[in-house]
Structures are given as structure tokens and as C-alpha cells.
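Structure assessment
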Amino acid sequence: MNKLLAGSLVLVVVVVLMSWGDAAEGEAKVIANNRDWAEDFPEQYNSWKKTAESDEIVDMLKEKPQLVILWAGYGFSKDYNAPRGHYYALQSNRNTLRTGAPVDTKTGPMPTACWSCKSPDVVRVMQEEGELEYFTGKWAKYGDEISNTIGCADCHDSESAELRLSRPYLKRALEASGFDLAEATTDDMRSLVCAQCHSEYYFQPTEWTDGAGNKKIAKVVTFPWENGLTAEGMEEYYDAIDFKDWTHKISKTPMLKAQHPGYEIFKTGIHAKNGVSCADCHMPTAIQDGAEYTSHHVKNPMSDMKATCLGCHDSDGDREVLEAVVARKLERKEELMEITMNNLAKAHLEAGKAWELGATEAEMAGVLLDIRHGQWRWDYSIASHGSFFHAPEETLRLLGVANDKAQSARIKLAGILAKYGASGYVAPDFSTKEKAQKLAGVPLQELVDAKNKFRSGLLKKWKDKAIQDGDVDRKEQEGMSDNTSYN
Ligand code: HEC
Ligand code: HEC
Ligand code: HEC
Ligand code: HEC
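Cut-offs and rules
- Residues take numbers from 1 onward in each chain, read along the sequence in its written order.
- Key to labels: chains lettered from A, ligands numbered from 1, both in the order written.
- Under the rules for a predicted model, residues below a pLDDT of 70 receive no local features and side-chain atom pairs below 80 are neither given nor counted, while totals for whole chains, interfaces and linings still include all residues.
- Only heavy atoms go into the side-chain values, all of them from the structure, while hydrogens and water stay out.
- Helix and strand definitions follow DSSP, with helices as H or I runs of at least four residues and strands as E runs of at least two, each counted in order from the N terminus.
- Each radius of gyration reported is based on C-alpha atoms, and the globular scaling rule is 2.2 Å times the count of residues to the power 0.38.
- Partly exposed describes any residue whose relative accessible area lies between the buried limit of under 20% and the exposed limit of over 50%, with all areas from a 1.4 Å probe on protein chains only and scaled to the type maximum.
- We call two residues in contact whenever any of their non-hydrogen atoms come within 4.5 Å of each other.
- All accessibility values rest on the Shrake-Rupley procedure with a 1.4 Å probe; residue burial counts only the protein chains present in the view.
- Positive charges come from Lys and Arg, negative ones from Asp and Glu, while His and the chain ends are left out of the count.
- One atom stands in for each charge, and that atom is NZ of Lys, CZ of Arg, CG of Asp or CD of Glu.
- Here, proximity means that at least one heavy atom of the residue falls within 4 Å of the molecule or strand.
- Polar contacts, as used here, are pairs of N or O atoms within 3.5 Å; protein pairs need one atom able to donate a hydrogen and one able to accept it. Residues neighboring in sequence count only if both atoms are side-chain atoms.
- In the scheme used here, Gly and all other residues not listed as nonpolar or charged are polar, with Ala, Val, Leu, Ile, Met, Phe, Trp, Tyr, Cys and Pro taken as nonpolar and Asp, Glu, Lys and Arg as charged.
- Residues enter a nonpolar core if they are buried and are Ala, Val, Leu, Ile, Met, Phe, Trp, Tyr or Cys, with the set joined through side-chain atoms within 4.5 Å.
- In this listing, donors mean N, O and S atoms no farther than 2.8 Å from the metal, or 3.2 Å for Na, K and Ca; water is missing from the atoms, so a site can look incomplete.
- Geometry assignment treats four donors as tetrahedral when all angles are between 85 and 135 degrees, treats four as square planar and six as octahedral when opposite donors are over 155 degrees apart and all others between 65 and 115, and treats everything else as irregular.
- The predictor attaches a confidence to each residue, and that confidence, scored 0 to 100, is pLDDT.
- Should DSSP find at least two bridges between two strands, the strands are regarded as paired.
- Each helix should span, by expectation, one fewer than its residue count multiplied by 1.5 Å.
- Definition used for salt bridges: Asp or Glu carboxyl oxygen within 4 Å of a side-chain nitrogen of Lys or Arg.

**Focus on the overall build of the protein chain**
Regarding its fold elements, the protein chain presents 23 helices and 6 strands. The C-alpha radius of gyration computed for the protein chain amounts to 23 Å, which stays within 12% of the reference 23 Å derived for 487 residues, consistent with globular compactness. Structurally, the protein chain occupies a C-alpha span of about 80 × 65 × 45 Å along its principal axes. Counting every position in the protein chain, which comprises 487 residues, the buried fraction comes to 48%. A separation threshold of at least 6 residues defines the contact pool for the protein chain, and within that pool the share at least 24 residues apart is 73%. Of the accessible surface of the protein chain, which amounts to about 22700 Å², a share of 53% is contributed by carbon and sulfur atoms. Separation of charge centres in the protein chain, based on 58 positive and 74 negative side chains, amounts to 6 Å.

Here you go:
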């Protein structure tokens, strides 16, 4: 492909101009508009578009009200839904109550970093403005810039169309963990493109000075991989820098929020150990007019087992056996997860009661450490959707240890509560989303009203501008549902 040649010529020139962490190192202009790829690659584009079929909102706070208690004081206690197709990533991000209701480019609550795993426009903006500028400021700063959902330029070079990592923070993390990217095989790349987003991260505050001499603070997406890609290694990393995502509203614990270490946990499982990549199951080979191509309809592989599982696990007879095996894996995880969440939630509420009765920091220190480390393991194990299948043993191990830590906190709390005259204290009922949000102090209706105002105001302006500027195709938006957990 002569585009490839053009790409490498540009590389030579631009490398000289490269500054710290420039995303699109030496590559030609990023093509962020997915439709601009459609003509050259119709099969890939059309199959990619089918990710629009997965548009249903499953309100996880309704399904598992314990979550509201576990995340009290943090955005996730407001709104948290099961993942949908890549086609909706940007919409989910704009619509969630977690991103709030900004009124101009300077209002939050979230930083720009929250766009990072939602759009190829992120790659374009990093290229145009530099990575540190991209990571500086509030989410709304780029509301009218980030307009295409997860697509081609997230995983492909815009010139050569080859697989490439568009996110510089993954490259840095791989280096820090001792992985040499130059040695990456195609099979590695078929998982690493996913690892750009389906990984654990935090926002690292980073001071920098821009070209005009202004001092700024960027919040840079950073993967905590220096001590290894394990829950224990990352915990050690966070503990060493005294990091917390937030202070728990009820128990006052300095908490960690696991994001979605899907890649990391997958790597511990039998498929990864056998060299199977994410794309083998989530992007199987398809055929159009006799020619093979890679299906870009990323979804739950169980809905298409012939193309996904049965190529390796041959014979048709295996289908039902495999289905039953996967279903049972899910049940096992659900059982242990439910027990663990209940114990963690009760530990938070009992700790809240202990504080109320006058328990001292010294008395509570051991309790809070148990809660921090227990909830980290629980969250790590299940925030990575599909982990019950990708790595069942690791998932169940983490849940087991998480539950042990929750129990250990509760045993300590029983002693403290007794000392303050509240032996036999029973935590209040958190069995519905409404009850749990009341306990966690979430003003749901207020948040929804503000959000709806944002959606019919500033958000509409962002969308209109993107269409007007030709940044996004109107046709692509037609017929797109606009589901939320709250309307
Ligand atoms: C640029 C970031 C990004 C990349 C790259 C990415 N994902 Fe995702 N993925 C997301 C986000 C964000 C969601 C949730 C979207 C939502 O809920 O609106 C998601 C959702 C999913 C889902 C749920 C789909 C459904 O219909 O329920 C699967 C499966 C998935 N991703 C697998 C993959 C695989 C496999 C790869 C690599 C081939 C990959 N993703 C690459 C960000 C990404
Ligand atoms: C989440 C990552 C991801 C996204 C998004 C993505 N691709 Fe791909 N693409 C892949 C993977 C993985 C392969 C398989 C590469 C291999 O095995 O060499 C692939 C293969 C391809 C190929 C090579 C031919 C083939 O079918 O195997 C083309 C062309 C391509 N993609 C075009 C596109 C276009 C166009 C879009 C946007 C509509 C897109 N891709 C979006 C990950 C992605
Ligand atoms: C051996 C096949 C296989 C491989 C390899 C694989 N997955 Fe999965 N994945 C599955 C299955 C099966 C499920 C769905 C299980 C269920 O919920 O029924 C799933 C579920 C998911 C989900 C959740 C989808 C949802 O809607 O809840 C995401 C996200 C995901 N996988 C991402 C990845 C990523 C990223 C990789 C690589 C790091 C990967 N998968 C590797 C088979 C695989
Ligand atoms: C690219 C090949 C490949 C694909 C695709 C694949 N597998 Fe596997 N699977 C393997 C290999 C290899 C093993 C390990 C076998 C061994 O060590 O005996 C394995 C093991 C398993 C096991 C036993 C290990 C465990 O975790 O219990 C199950 C169950 C399984 N696969 C289910 C599935 C399902 C379901 C799918 C489709 C979603 C799938 N596999 C897709 C290659 C594959």
C-alpha cells in the first residue's frame, strides 16, 4: 500500500519535532471521523457499526444496591450501568450522571482525562495540542471537539491502516512493566489494542509549563503497572504513594476505585496462557463474497459461538457443554460476589456508626485498612467485565480474600461497637437503590434535573457544532437510541 510509504516518510520529519509524550508520534494526520474510513474498508466499517445493536441500559445500582453503599461519596454511587457496544461509548459518557452538568468550558466536575477511552478524537487532539495540554482542564473543555465514538483510529494507523497503539500512556506502562513493544507480535497487538482502554488506571497530577510559559497541572491517565500486573502489585504501588480516589462518605476510608483491569486479569487465565488474544473471541473472522475479513462487531462472544469458540473447541456437540460450563462459572462468581459485597457494605455502615459513637482514629486504623484492601480486591475482580470467564480462578481468589478482609474489619468493629455501648448493632437496610442512595446521601432528582438541562443545552450545542463542522457524520447519528438509567 503506497499509503504506508507516505507514512514512513512523514515519520522521519516529525520525529524531530516530537515533545514529551506526543501521542501520534510522527504519524500523519489522524482520521478521527469513522465514516471517512468506510469507502476503503466497507466490511470492517459495516461490522463495526453493528456495535450499535447493543444499546440497552442495565442499571447496575438497581440490580446490586450494595454498590451505592460501597461507592458512597463517589460518582459511581450516582449512576453506573453495564457496558454497551462501542458505538455508544461517547453517548454513555455524556449521559452518565457521573460527568455532571457543566455550563461552560471551565466547569467540571470531571477532568479532560474522562474522554480518554471514548473516542479517536482524543488521538487527534493529542496530536494537535500535545498530550499534556489534552490532559489539562475540565471535561467540558473538549465537549465540542470529541465527537466520534470509539473507532478506527483508536486501533489503526490513519495512513497504513495497520494495528497500532494510539494511547501513549499504555506504551509508557508497558515499558515500566518491562515489556518491549518492539518485540510485540501480531497476536500481542490483537490484545494490546484493547488494553489501551480495558485496563486499570488513575489520574496522575503532573506539573508542566506550556510554550507561553504558563504553569499548568495536567491529570495524566497512568497505569500502575510498575510492580506487576496483579491486584497485589498495584495495591503496593498505590499504598506507596498514599494514593486515594476518594474518602468514603460513611466509613471515612481512603478508598481505591478499581477501574476495569480487564487486560491484566485476562492475562492470568488459561486462554491468555495459550496465546489466545482478545480479538480471537471478540473479533472473529467473517466472510463476505468469499473473502475473509475481521468482524469488527465487538460483542459478547457467546451469541456467536460457531465463529468464536467452536473454531478451537471443535465439534458441534461441544456447544451446549461449553454454554453450561460458562453459565456455571457466572453463578459461582455471583454467589461469592454477593456475599463479599454484603460484608463490605455492612463494614462501611458499622464503621460509620463507630465514628458516630466517638471511636478514635487509632481504634479505627486497622478497620479502615481492611476495608481499603478488601474493597480494592472485590472491585478489581469484577470491574473487569467478563473476568468470571476470562480468568475464573483469579476472580474467585480475589473475591475470597476480599471477603476475608471485610469479615476481619467487621470482627474488629464488633469489638469497637461493644466498647461504645452498641453491641449487636445492625446496619440499616440497603436492599434497594432508593434506600441505599438515601443512606449514601445521593440527591438523585437534583442530579437528574441538572443533567437534563445540560443535555438540552450545552450538549446540544456540542453536537450541532460537530455536525456543522463536518467532524461527525449526521447519517451515523440517525436512528441512534438515547437511553439512560434515569429518564
Ligand atoms: C478507545 C477505548 C476502547 C478500546 C480501544 C476498546 N474498548 Fe471495548 N469498550 C470501551 C468502552 C468505553 C466500553 C463501554 C461502552 C458503553 O458502555 O457505552 C466498551 C465496551 C466493550 C464491550 C461490551 C460490548 C457490549 O455490547 O456489551 C466489549 C465486549 C469490549 N468493549 C471489548 C473490547 C475488545 C475485545 C477490544 C479490543 C479488540 C476493545 N474492547 C477495545 C472502550 C474501548
Ligand atoms: C478496538 C480496536 C479496533 C477498532 C476500533 C477497529 N479495528 Fe480494525 N482491526 C482490529 C484488529 C484486532 C484487527 C485484526 C488485525 C490482525 O489480526 O492483523 C483489525 C483488522 C482490520 C483490517 C485488516 C483487514 C481485516 O479485516 O482483518 C482493516 C482494513 C481494519 N481493521 C479496518 C478498520 C476500520 C475501517 C475501522 C473503523 C470502522 C476499524 N478497523 C476499527 C482492531 C480494531
Ligand atoms: C476465549 C474467549 C475470550 C477471550 C480471548 C476474551 N474474551 Fe472477553 N468475553 C468472553 C466471553 C465468553 C464473555 C462473556 C461472558 C458472559 O457475560 O456471558 C466475555 C466478556 C467480555 C466483556 C464484557 C462484556 C459485557 O457486555 O459484559 C468485555 C469488556 C470483554 N470480554 C473484553 C475482553 C478483552 C479486553 C479481552 C482481552 C484482554 C477479552 N475479552 C478476551 C470471551 C473471551
Ligand atoms: C483460539 C483458540 C480458542 C478460542 C477461540 C477459544 N478457546 Fe477456549 N480454550 C483454548 C485453549 C487452548 C484452552 C486450554 C486447553 C487446555 O489447556 O487443555 C481453552 C480452554 C477453555 C476452557 C477450559 C478452561 C476453563 O477456564 O475452564 C473453557 C471452558 C473454554 N476454553 C471455553 C471457551 C469458550 C466459551 C470460547 C468462546 C467464547 C472459547 N473457549 C474460545 C482455546 C480457545
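**Thoughts on the site of ligand 3**
Taken together, 19 residues lie near ligand 3, and C278, C281, H282, F389 and H390 sit nearest. At a separation of 2.7 Å, a nitrogen atom of ligand 3 approaches a polar side-chain atom of H390. Going through the elements one at a time, α12 (262-266), α14 (278-282) and α18 (387-390) are the ones with two or more residues in the shell around ligand 3. Among the residues making up the shell around ligand 3, the classes are represented as 11 nonpolar, 8 polar and no charged.

**A short note on the nonpolar core**
In terms of nonpolar packing, the biggest core is built from 48 residues, with W115 and F135 touching the most fellow members. Those residues in contact with F135, other than ones at most four positions away along the chain, are T112, A113, S116, M126, Y169, A218, K219, V220 and V221. Of all hydrophobic cores here, the second largest spans 41 residues; its members include Y74, L399, A409 and I416.

**Focus: the coordination of the iron atom of ligand 2**
Distances from the iron atom of ligand 2 to its protein donors, H156 (NE2) and H296 (NE2), fall at 1.9 to 2.0 Å. Its 6 donor atoms give the iron atom of ligand 2 angles of 88 to 179 degrees at the centre, a pattern that matches the octahedral case. Here the residue H156 occupies a position in the loop between α8 (152-155) and α9 (168-176), and H296 occupies one in the loop between β6 (291-294) and α15 (305-308), the gap between them amounting to 140 residues. H156 gets classed as buried once you look at its relative accessible area, which sits at 18%. For H296, a relative accessible area of 17% corresponds to the buried category.

**A short note on the confidence of the model for the protein chain**
Predicted confidence across the protein chain gives a mean pLDDT of 93, with 94% of residues reaching 70 or more. Below a pLDDT of 50 lies the segment residues 1-24, which in the model reaches 32 contacts outside its immediate sequence neighbourhood of four places, other chains included.

**Some remarks on the coordination of the iron atom of ligand 4**
Tetrahedral coordination by four donors puts the ideal angle at the metal at 109.5 degrees, and octahedral coordination by six puts it at 90 or 180 degrees. In the first shell of the iron atom of ligand 4, the protein supplies H271 (NE2) and H313 (NE2), at 1.9 to 2.0 Å from the metal. Taken together, the 6 donor atoms coordinating the iron atom of ligand 4 span angles of 87 to 180 degrees at the metal, a pattern that classifies the geometry as octahedral. Remark: H313 occurs in the loop between α15 and α16 (318-356) and H271 occurs in helix α13 (residues 270-273); sequence separation between them is 42 residues.

**Observations concerning the environment of Q259**
Looking at the element boundaries, Q259 is found in the loop between β4 (254-255) and α12. Between the C-alpha atom of Q259 and that of G441, which follows or precedes it by 182 residues, the distance is 23 Å. When residues no more than four places from it in sequence are discounted, the contact partners of Q259 are F76, S199, E200, Y201, D245 and A383. Within polar-contact distance, the side chain of Q259 engages the backbone oxygen of K257 at 3.4 Å.

**Focus: the pairing of strand β2 (residues 215-222)**
Moving residue by residue along a regular strand, the side chains alternate between the two faces of the sheet. As paired strands, strand β1 (residues 202-209) and β2 are joined by 8 bridges and run antiparallel to one another. Counted as the bridge partner of Y202 is T222 from β2. Hairpin connection of β1 to β2: 5 residues between the antiparallel strands, including G213 at a positive phi of 85 degrees.

**What about the side chain of S387?**
Assignment of secondary structure puts S387 in helix α18. By relative accessible area, S387 is classed as buried at 2%. When residues no more than four places from it in sequence are discounted, the contact partners of S387 are I265, S381, I382, P392 and T395.

**Examining α16**
Count 3.6 residues to each turn of an α-helix, and residues three or four apart come out pointing the same way. With 39 residues, α16 extends 57 Å from end C-alpha to end C-alpha; this agrees with the ideal 57 Å at 1.5 Å per step. Immediately beyond the C-terminal end of α16, within one or two residues, lies G358, with a positive phi of roughly 105 degrees.

**Details of the environment of L165**
Relative to the helices and strands, L165 resides in the loop between α8 and α9. Taking the C-alpha atoms as reference points, L165 and T51, 114 residues apart in sequence, are found 21 Å from one another. Excluding residues that lie within four positions of it along the chain, L165 makes contacts with L170, K171, L174, L181, M189, L192, V193 and Q196.

**Thoughts on the side chain of E264**
Tracing the backbone shows E264 in helix α12. Buried and unpaired, E264 has K267 as its nearest opposite-charge partner, separated by 10 Å.

**A short note on the pairing of β6**
Two strands pair when backbone bridges link them, and strand β5 (residues 285-288) and β6 are joined in this way by 4 bridges, in the antiparallel orientation. For Q288, the partnering residue across the bridge sits in β6 and is A291. As consecutive antiparallel partners, β5 and β6 are separated by 2 residues, and within that stretch D289 has a phi angle of approximately 50 degrees, a positive value.

**A word on the pattern of salt bridges**
Per the stated rule, a full pass over the model turns up 29 salt bridges. Connected via shared salt-bridge partners are K29, D121, R124, E128 and E145.

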